[in-house]
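Spelled out from the first residue to the last, the chains are:
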Amino acid sequence: MSFPDLDDLIAEVDRRCHTAHRPDGNEQPDWLALLSAAAGVAAELQTLADDLVEDYVEHCRMHGASWTEIGAALGVTRQAVQQRFHAPHKRYGPETMTDGLRRAMVHVKEAAVHHRNNYIGTEHLLRGLTAEDNSATALLRAAGVPPEAVHRSVGTRLSMGASQAAERIAWTPYSRKAIALAEERSAQRCSARIDCEDLLVGLAQIGRGVAAAVLADTGFDAAALDAPAADARAAARE
């Protein structure tokens, strides 16, 4: 893959902030507006870079590397790397999930193990959610999206790895974000447990990762589907 160079990033800033350029071309552009847009692009790149490093830090910890060793690999002290990455991630046990989501999670792990991946990415989650009928596939059908097509499409994105660590598989940062969003949505539904549809919406909402790309390609609009249900829940509480 090729990374964007400075000219590419400047072009992206110009695209996002076209109103900062004077229409007659005789005046100086709005440099402060362009600076604000540039800061936004830089923040997105930094977030992506942080997610990448965090993912590998978690794998190093999972496979027995010490904080001292991880710090040395990153060129920082043990204290510095612990302060940055040691915040514990919330764990979601079977008791936090509906029966449907627990069954989907079996398919999720099977997808990772079958492809010898030592991580659970958004692609594995979407593959598991569409492996059998549940509330996620019902939501897809309500949006006019065939779940079978999503299942096949995400299957083509799964790559074969070389991991033998089938029993210890780490969730990627995007996957953790998706399940956190799913938990928020289940709470908004006044449900004590996360369901398949909640995780599907979470995958779409993060806007990044393989699952979000597959869902976007199908035209799946979780926000539009959720709006009527959210209005109904709000009316019921009043």
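Colleague: Now, about the overall build of the chain: what can you tell me, with residues and values included?
Modeller: When helices and strands are counted, the chain shows 12 helices and 2 strands. From first element to last, N terminus to C terminus, the chain shows the α and β order α-α-α-α-α-β-α-α-α-β-α-α-α-α. Out of the 238 residues belonging to the chain, those deemed buried represent 36%. For the chain, the accessible area works out to roughly 13,600 Å², and carbon and sulfur atoms hold 56% of it.

Colleague: So what about the packing of helix α9 (residues 173–188) against helix α10 (residues 196–206)? Which residues, and what values?
Modeller: When two helices pack together, their arrangement is given by the angle between their axes and by how far apart the axes lie. Packing of α9 against α10 brings their axes to within 7 Å, and their N-to-C directions diverge by 125°. On the basis of their axis angle, the class for α9 and α10 is oblique. When you trace α9 past α10, the crossing you get is right-handed. Along its contact with α9, which presents Y174, K177, A178, I179, L181, A182, R185 and S186, the element α10 presents E197, D198, L199, V201, G202, L203, Q205 and I206. Tallied by class, residues from the contact of α9 with α10 come to 9 nonpolar, 3 polar and 4 charged.

Colleague: Let's hear about the confidence of the model for the chain: which residues, and what values?
Modeller: In the predicted model, the chain carries a mean pLDDT of 84, and the fraction of residues at 70 or more is 86%. Across residues 231–238, where pLDDT falls below 50, the model places 4 contacts with residues more than four positions away in sequence or in other chains.

Colleague: Go over the environment of V13, please, and point to the residues and values.
Modeller: As for its position among the elements, V13 is in helix α1 (residues 6–16). Spatially, the C-alpha atoms of V13 and G40 are 8.8 Å apart, while their sequence positions differ by 27 residues.

Colleague: A description of the side chain of T172 should follow, citing residues and the corresponding values.
Modeller: Tracing the backbone through its elements, the reader meets T172 in the loop between β2 (170–171) and α9. Beyond its immediate sequence surroundings of up to four residues, T172 is in contact with D55, Y119, I120, G121 and T122.

Colleague: Talk me through the side chain of D51; I want residue IDs and the actual numbers.
Modeller: Within the secondary structure, D51 is located in helix α2 (residues 31–62). A polar side-chain atom of D51 sits 3.1 Å from a polar atom in the side chain of K177.

Colleague: Account for the nonpolar core, naming residues and giving values.
Modeller: With 33 residues, the main nonpolar core has L101, L126, L129, L199 and L200 as its most contacted residues. Contributions of two or more residues to this core are made by α5 (99–114), α6 (122–129), α7 (135–142), α8 (147–157), α9, α10 and α11 (210–218). It is α10 that provides the largest number of residues to this core, a total of 6 residues. If near-sequence neighbours (up to four positions away) are discounted, L101 is found in contact with L129, I194, D195, C196 and L199. Grouped together as the second largest cluster of nonpolar side chains are 6 residues, V57, A65, V81 and F85 included.

Colleague: Before we move on, could you go through unusual backbone geometry and cite the residues and values that matter?
Modeller: Of note, R116 is a non-glycine position whose phi angle comes to about 55°, a positive value. With respect to the helices and strands, the residue R116 is situated in the loop between α5 and β1 (119–120). Using a relative accessible area of 36% as the deciding quantity, one classes R116 as partly exposed. Of note in the backbone geometry, C190 takes a positive phi value of approximately 60° without being a glycine.

Colleague: Would you mind going over the pattern of salt bridges in detail, with residue names and values included?
Modeller: Tallied over the full model, the rule gives 14 salt bridges. Two residues, R84 and D50, come together in a salt bridge whose shortest N-O distance is 2.9 Å. In this pair, R84 sits in helix α4 (residues 78–85) while D50 sits in helix α2, placing the two residues 34 residues apart along the sequence. On the basis of relative accessibility, which here comes to 28%, the residue D50 falls in the partly exposed class. Here R157 and D217 are joined by a salt bridge, their closest N and O atoms 3.3 Å apart. Of this pair, R157 sits in helix α8 while D217 sits in helix α11, and the two are 60 residues apart along the sequence.

So, how was this worked out
- Residues numbered from 1 in each chain as written.
- Predicted model: local features only at pLDDT ≥ 70, side-chain atom pairs only at ≥ 80, totals over all residues.
- Heavy atoms only, no water.
- Helix = DSSP H or I, 4+ residues; strand = E, 2+ residues; numbered from the N terminus.
- Buried < 20%, exposed > 50% of the residue type's maximum accessible area, 1.4 Å probe, protein only.
- Areas by Shrake-Rupley, 256 points an atom, 1.4 Å probe, with all protein chains shown as cover.
- Axes fitted to C-alpha atoms, helices over the stretch in contact; angles between N-to-C directions.
- Parallel < 35°, antiparallel > 145°, perpendicular 65-115°, else oblique.
- Left-handed = near helix turned anticlockwise from the far one by under 90°.
- Contact = heavy atoms within 4.5 Å.
- Nonpolar A, V, L, I, M, F, W, Y, C, P; charged D, E, K, R; others polar.
- pLDDT = per-residue confidence, 0-100.
- Polar contact = N/O pair within 3.5 Å; in protein donor to acceptor, adjacent residues only side chain to side chain.
- Core = buried A, V, L, I, M, F, W, Y, C linked by side-chain atoms within 4.5 Å.
- Salt bridge = Lys/Arg side-chain N within 4 Å of Asp/Glu carboxyl O.

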